[in-house]
Amino acid sequence: MVSEPTRPSLLLRLHDASDEEAWNEFDVTYRNLILGYCRRRGLQLGDAEDVRQMVMMNLSKAAQGSFAYDPKRGRFRSYLARIVQNAIRRQFSRPNQMPSRLATEMNAVLADPTENATDELWEQEWVRHHFRLAMMQVRKDFEPRSVNIFERLLDGSPVAAVAREFDLSTQAVHKVKQRIRKRMEELIHAQTKDENPDV
Amino acid sequence: MSDSSDSSNLGFGLDDDAWLQQAREALSPDSWDNLGEYEILNEVSRGGQGVVLRARSSDGRIVAIKRLLAGTLTGVRGRLRFEREMEIAARLHHPSIVPLLRRDIVDRQPLLVMPWVEGLPPNRWARPQDGPARSQRQILHLLLGICEAISHAHQRGVIHRDLKPSNILVDAEGQPHVLDFGIGKLLQEDAESAHDLTRTSEFVGSPTYAPPERLLGSSAPTDVRDDVYSLGVLLYGLLADAEPYPFGDTIASAILALQENDPTPIRKHAAHIDRDLAVVVHKAIAKEPSLRYASVDAFAADLQRFLHGEAVLAHPPSRWYRTQKYVRRFPVPIGLGALSLVLILGFGSYASLQAKRLTVERNDAIEARSEAAEAVIRTQDAFGFLTQEVLAQLDPNLRGRVASIPEILRDAAVDIESRFGQDPDLEIEIRMAIGRLQFLNGDFSGASAQLDQASALIPHAEELGVGPSAECRGELSLMQAEIHMLQARFDEVAADLTLASQWIGENSTYKNRHHLARLRIRQAVNTADAKHAEDLCRAHLNTLHLPEDAAEVWQTQLLLASLLRTNGKAKDAANLAQGLVEQARQNHPNKNHLDLADATREWAWSLFHAGSLREAEAPMLEALAMRRELLGPIHPDVAQSLMDVATWSQFFARDAVEITAKYEEAVNILRSAGAERHRLVASAWNGLANLASDRGDFARADELYLEAYALLSERLGEEHPLLAGIWMNRGQMQTQSTAYAAARASFGKAAALLVDDYEAHVDHSALYMAMAQNEEADQNPEQAILHYQSAIDFMLLKDLDGSIPLSNCFVWMGKLQQQLGQTEAAASSAREAQKWRDAAMRGHRHGG
């Protein structure tokens, strides 16, 4: 589910509204990021869902027009941030209205230079997002045993205890941790690259 | 592109323990991503579709949670489908429609949460176990309540597709509550894709309520009449406690029953049911969809009629209806204005053919809803929608003839204020959309009116906090600039461009920035600052270096070609234009399009000014033909091409009647486009004046020259070099009519206007030739020779390959020199004349 570096960037594929696979992948990939951010901003789950819906719809429409994400104009992270922030604003300014009109909203997103792109919460969610994605891939790439070992370590168990539990030496446990870490870093690196495809 | 702060956040470069800590935090589970906030109270039911649970949410509400079994919905593809459907359903707000509190896919299962409704399915409510059965009247009122809810959904493009008793709950007050909108469709698609139609229980619940065409495998799209059928069967069951067809346990037997039988007449099950009511029920459950009620409203209306003791409409037309009850007429077709507004507004991305049909049927409720308006704005391509939908669906019967697009647009515009008066921001956007369409279709005064009104609304919108964005305002100013430029109101163009520059800057779209740049260039041309315009043009080209700028480069080069021509570099212009024509042809091999027409025209004029006059004819005619084909007969650009041809034809002394007709047609076109003050009109008058002069009607010619002058000076100011052309032509006419002194005066005025700049709009050489001819006619050969010499000097400044006019000059000058005994000079002139004529004939070689 995570793009390998050799595949065309998911974000660029979004320009094609008929590429359902790309859109679905995008949806699954970024769903928790958007929901998580909304929740951390204090939205109820229902509102967060509505915001996510709005964001997805606006993105899909934008991708077909001149408001599509343009790598030359900044990071995808900032672009998405503004869309989400705008959607949240809309959600609360007109609570019983339909999803906002595209043109003015997107205009506001693109034209407003003062929008805070260094939102702390957003950055934190973004980090979680990357780790989450990488972890999902790790689960596919590694033996279940290795994954379990890693999860034990994440839980906070000391290396020695984990080694005993799995009947391994501590060096072996360290090895697993390092291999998974290396893989995750590779994946995260590729993911961030994917979000900012080189022009 | 990660910077260093990224790296540390993302864990790069940390030591192992620190990294693990980072990962631990980043991967800690989200507390909200489960069903934790619900306390399950009890399981309500379990069936083929899934499980229904009764639960309490964290805020104390009692809710119903439905977990659906839907195999394909859990796939990546299905998720978006699910959410789209649910999103549509979530738009329904009606007291009898149970809202969705939450929809989700959790653990690969679709999940729906809705408020808990305490009630009974209709059949249980109608025949309670402890108490008397409900009366027919009560049943009908219940059904009307349900119909109202369904109709509400239909108006919003949602068809239930799965109406049955288990999806309707009747509360203690007898109010119906309808559940599960949209799910039927999802599950049906799911079942179909799983090829599982043979399982009776899985087939969208129960075949009893499913319309026959679904069971019999029709591939027609879902229709409101599906719901009509289901409601009909529901009513059948409530009234007669029976089902219309003897279905067995399997789908196969159900299909067989449908194929072999007609629905059992309801009065067989319950003889006490009124005949009229029976007819209504049977019309609702007609096997053939076209024989059913076309909408739930129609069904409900007939039920109402029955309840009020009126005649029902359900009777087949062949039956003669003897009665004292009056018969209400069917609704009359709605007027064009309302229809066109509806079609323009459409239903955006959720349009189903059905929804559009619904609006046509509901003659009293074509309310422009905010959702619909937002939908069209969302599509951002009202023009595409308009040409496809309106032109395809416009019914000539409603008006007796097909309306033209400008008429449609004007009609639509009439209703805007009453529909959107409360929403200035929406009104602005719709007016802009319509204005843009009018502009594209040549209705400039219409467009101008819309855009001015849109402008006027901005302060009001801002007060309400819904002012348009910078981009939007920039676009508005750009459009106004275009229109004003076309109408030759250059002061207003300047104001528009200043305004546009405020709103369009670094962060604006390429389209708008480029548009602004080009408008600036064209404005420079219009204010006779052609040199500066050329510089602006090249500067703009220098900023375009990306692949996606290709179209903009082409456009700017076309503009540059016309500037080159204006600045006397006609040959360069011709080469450039020819290249652009070829490029355009390559990009679109078998198609004509407006760019190609523009480039062809430019090429024609460059050739003309470069001295290849005859070669200019073909491209000129081509451009005219292309524009007519693409723009229709009444577009100002067609007028422009007509004038091109007329001017050219005049030069070559073609048939005067034809030329006159072309000028007149051009003027009419400009008038009907609301551009009656356009300078092209002045050109046309000038042309017509020349024709009048040719046939000796000098009085008429003078009239027309003065009119042309008045219009042009009004548009461009009295100092504008273009006015010199009119003076020159008038002078020539005066020469014809032997008013030589007057001619001198006219030429003098022309020359005065041309003093400062070389202005190739009016050919200096032509002026001097005219002056020479005037002197010649007035028997002043020396003066004439001087003027011919000036004419020759000017012509030599152009980089001509060959030139007949130049050759002519030498011929005439030579003759005069001969007359005056200047034999050497005369011989030289004759040689030059020969040289330039030969070169012109060959067409490609340099003279001298």
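Worth saying up front: this structure is predicted, and the values here are computed from it rather than measured.

A.B. asks: Break down the environment of Gln578(B) for me, with residues and values.
C.D. replies: Take Gln578(B): it is sitting in helix 25 (residues 570-587). Residues Gln578(B) and Ala604(B) lie 26 residues apart in sequence; the distance between their C-alpha atoms is 9.1 Å.

A.B. asks: Requested: an account of helix 36 (residues 804-819) of chain B, with residues and values cited.
C.D. replies: Since the α-helix packs 3.6 residues into each turn, any two residues three or four apart lie on the same face. Residue and element names in this part refer to chain B. Taking 1.5 Å of rise per residue, 16 residues should cover 22 Å, and helix 36 covers 22 Å from first to last C-alpha, within 8% of that figure. Along helix 36, the residues that are buried comprise Leu806, Ser807, Cys809, Phe810, Met813, Gly814, Leu816 and Gln817. Trailing helix 36 by a residue or two, Gly821 shows a phi angle of about 80°, which is positive.

A.B. asks: Give a detailed account of helix 24 (residues 550-566) of chain B, specifying residues and quantitative values.
C.D. replies: Residue and element names in this part refer to chain B. Here helix 24 is 17 residues long and its end C-alpha atoms lie 24 Å apart, about the 24 Å a rise of 1.5 Å per residue gives. Burial of helix 24 is extensive: twelve of the 17 residues sit out of reach of the surface. The set of residues buried in helix 24 consists of Glu552, Trp554, Thr556, Leu558, Leu559, Leu560, Ala561, Ser562, Leu563, Leu564, Arg565 and Thr566.

A.B. asks: Lay out the packing of aromatic side chains with the relevant residues and their values.
C.D. replies: Residues and elements named next belong to chain B. Within this structure, the stated rule accounts for ten aromatic pairs over all chains. Relative to Phe247, the ring of Tyr245 has its centre 5.9 Å away and its plane inclined at 5°; by these criteria the two rings are stacked. Seen in terms of ring centroids, Tyr709 and Trp727 are 4.8 Å apart; in terms of plane orientation they differ by 45°. Their pairing is tilted. Here Tyr709, found in helix 31 (residues 698-716), pairs with Trp727, found in helix 32 (residues 722-736); they are 18 residues apart in sequence, far enough to count as distant. Of the two residues examined, Tyr709 and Trp727, each falls in the buried class.

A.B. asks: Lay out the environment of Arg292(B) with the relevant residues and their values.
C.D. replies: All names here are of chain B. Looking at the element boundaries, Arg292 is found in the loop between helix 11 (275-284) and helix 12 (296-307). The class of Arg292 is buried, set by a relative accessible area of 4%. In terms of polar contacts, Arg292 uses its side chain to reach the backbone carbonyl oxygen of Lys287, at 3.3 Å.

A.B. asks: I'd like a rundown of the nonpolar core, residues and numbers included.
C.D. replies: Residue and element names in this part refer to chain B. Residues Tyr663 and Leu767 are the most contacted members of the largest nonpolar core, which totals 72 residues. Per element, the largest residue contribution to this core is nine residues, and it comes from helix 30 (residues 679-694). Not counting chain neighbours up to four residues away, the residues in contact with Leu767 comprise Met728, Phe747, Ala750, Ala751 and Leu754.

A.B. asks: So what's going on with the side chain of Ser96(B)? Which residues, and what values?
C.D. replies: All names here are of chain B. Mapping Ser96 onto the fold places it in the loop between helix 3 (76-89) and strand 4 (102-106). Separated by 3.1 Å, the side chain of Ser96 and the backbone oxygen of Pro176 make a polar contact. With residues near it in sequence (within four places) discarded, Ser96 still touches Gly145, Ala149, Gln175, Pro176, His177 and Val178.

A.B. asks: Report on the confidence of the model for chain B, specifying residues and quantitative values.
C.D. replies: Predicted coordinates in areas of low pLDDT are best not read in detail. Residues and elements named next belong to chain B. Per-residue pLDDT for chain B has a mean of 75; in total, 73% of the residues score no lower than 70. This model gives residues 1-6 a pLDDT under 50, and the stretch forms four contacts once residues within four places in sequence are excluded. Interface confidence for the predicted complex, given as ipTM, is 0.77, next to a pTM of 0.39.

A.B. asks: Which residues make up the pattern of salt bridges, and what values do they have?
C.D. replies: In the structure shown here, the tally under the stated rule is 33 salt bridges over all chains. Lys835(B) is paired through a salt bridge with Glu832(B); the nearest N and O atoms lie 3.0 Å apart. Of this pair, Lys835(B) and Glu832(B) both sit in helix 37 (residues 823-842), separated by three residues, roughly a single helical turn. The class of Lys835(B) is partly exposed, set by a relative accessible area of 30%. We classify Glu832(B) as partly exposed; its relative accessible area is 24%. Here the salt bridges do not stand alone but share partners, grouping Lys177(A), Arg181(A), Glu185(A), Asp16(B) and Asp17(B) into one network.

The rules behind these values
Residues numbered from 1 in each chain as written. Chains lettered and ligands numbered in written order. Predicted model: local features only at pLDDT ≥ 70, side-chain atom pairs only at ≥ 80, totals over all residues. Heavy atoms only, no water. Helix = DSSP H or I, 4+ residues; strand = E, 2+ residues; numbered from the N terminus. Expected span 1.5 Å × (residues − 1). Buried < 20%, exposed > 50% of the residue type's maximum accessible area, 1.4 Å probe, protein only. Phe/Tyr/Trp six-rings, centres within 6.5 Å; stacked < 30°, edge-to-face > 60°. Polar contact = N/O pair within 3.5 Å; in protein donor to acceptor, adjacent residues only side chain to side chain. Core = buried A, V, L, I, M, F, W, Y, C linked by side-chain atoms within 4.5 Å. Contact = heavy atoms within 4.5 Å. pLDDT = per-residue confidence, 0-100. Salt bridge = Lys/Arg side-chain N within 4 Å of Asp/Glu carboxyl O.

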